[in-house]
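Fold and geometry: a report
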Amino acid sequence: MDTAKAETPVTPEALEALRTDMLRFATMQLRDSHLAEDLVQDTMMTALAKASQFAGRSTLKTWVFTILRNNVIDAIHKRARTVSASDYALEGESLDATFDHLFKENDHWTPAAKPQEWSQPDAAMEEQQFWAVFDACMDHLPENTARVFMMREVLELSSQEICETLSISTSNCHVILHRARIALRKCLEGNWFSDDAGCATC
């Protein structure tokens, strides 16, 4: 008998224990709690139906999240058909004024805006409160900007896949990702890594 499989059987109880993390993951990608709930429910039903396919070569959570990830990508593909590429361009333009003052003409940081060194970033990743702050920072990004960021950094889609899905240019995709990372870094510096950080309002 496969020991890993025996230790982590695919049961309703085991899947229910993952529901909170699954909902958080899906909601961050989709910005739609109702759709996220539907996808999580579909994922749990699929996992139960395909329980015999779980060979124990990975953890149950990894296996289930692979199913959820594919469901989220399918949902993003469907939603992309209703979003105009110009919406992404407009969001990029709206962020220009926010970040342009951070740089000199040669595209280097100004002395006042240069990012500070983060102390123990790896340790922060293990803290539940950090992720609550990260979620709040994500909520302050424009919806389409956040979607592109999550598709690249969490769903791990290639730039080409993102561009094809959203019908945006490669340069537009790279600009959106760059601005999203700057915005998130600035928010996290102010609300987590700074000495006086204590809230999740960016």
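Attention shifts here to the overall build of the protein. Along the protein, the regular secondary structure elements total 11 helices and zero strands. N-terminal to C-terminal, the α/β element order of the protein is α-α-α-α-α-α-α-α-α-α-α. The burial tally for the protein puts 41% of its 202 residues in the buried class. Taking as baseline every contact in the protein between residues at least 6 positions apart, the subset at least 24 positions apart corresponds to 73%. Put simply, the protein shows about 11700 Å² of open surface, and 51% of that area lies on carbon and sulfur atoms.

This part is about the environment of E164. Inspection of the secondary structure puts E164 in helix 10 (residues 159-166). Residues E164 and A80, 84 residues apart in the sequence, show an inter-C-alpha distance of 9.9 Å.

If you look at soluble globular proteins, the nonpolar side chains tend to sit buried side by side. Judged by nonpolar contacts, the single largest core of 35 residues is most densely connected at M22, W63, V64, L68, V72 and L155. Looking at this core, the elements with two or more residues in it are helix 3 (19-30), helix 4 (33-49), helix 5 (60-80), helix 9 (143-153), helix 10 and helix 11 (170-193). It is helix 5 that provides the largest number of residues to this core, a total of 11 residues. In this structure, V72 is in contact with F25, A26, Q29, L30, L39 and L155, ignoring residues within four places of it in sequence. Grouped together as the second largest cluster of nonpolar side chains are 15 residues, F130, L141, A146 and M150 included.

As a further point, take helix 4. Taking 1.5 Å per residue as the helical rise, helix 4 with its 17 residues ought to reach 24 Å, and the 24 Å between its terminal C-alpha atoms agrees with that figure. For helix 4, the set of buried residues is A36, L39, V40, T43, M44 and A47. Buried positions in helix 4, seen along its axis, are confined to an arc of 140° and lie on one side of it. Away from its buried face by more than 90 degrees, helix 4 exposes H34, M45 and A49. Residues of helix 4 that are buried in the fold lie against helix 2 (12-16), helix 3 and helix 5.

Scoring rules and cut-offs
- Residues numbered from 1 in each chain as written.
- Predicted model: local features only at pLDDT ≥ 70, side-chain atom pairs only at ≥ 80, totals over all residues.
- Heavy atoms only, no water.
- Helix = DSSP H or I, 4+ residues; strand = E, 2+ residues; numbered from the N terminus.
- Buried < 20%, exposed > 50% of the residue type's maximum accessible area, 1.4 Å probe, protein only.
- Contact = heavy atoms within 4.5 Å.
- Areas by Shrake-Rupley, 256 points an atom, 1.4 Å probe, with all protein chains shown as cover.
- Core = buried A, V, L, I, M, F, W, Y, C linked by side-chain atoms within 4.5 Å.
- Expected span 1.5 Å × (residues − 1).
- Arc of directions from axis to C-beta.

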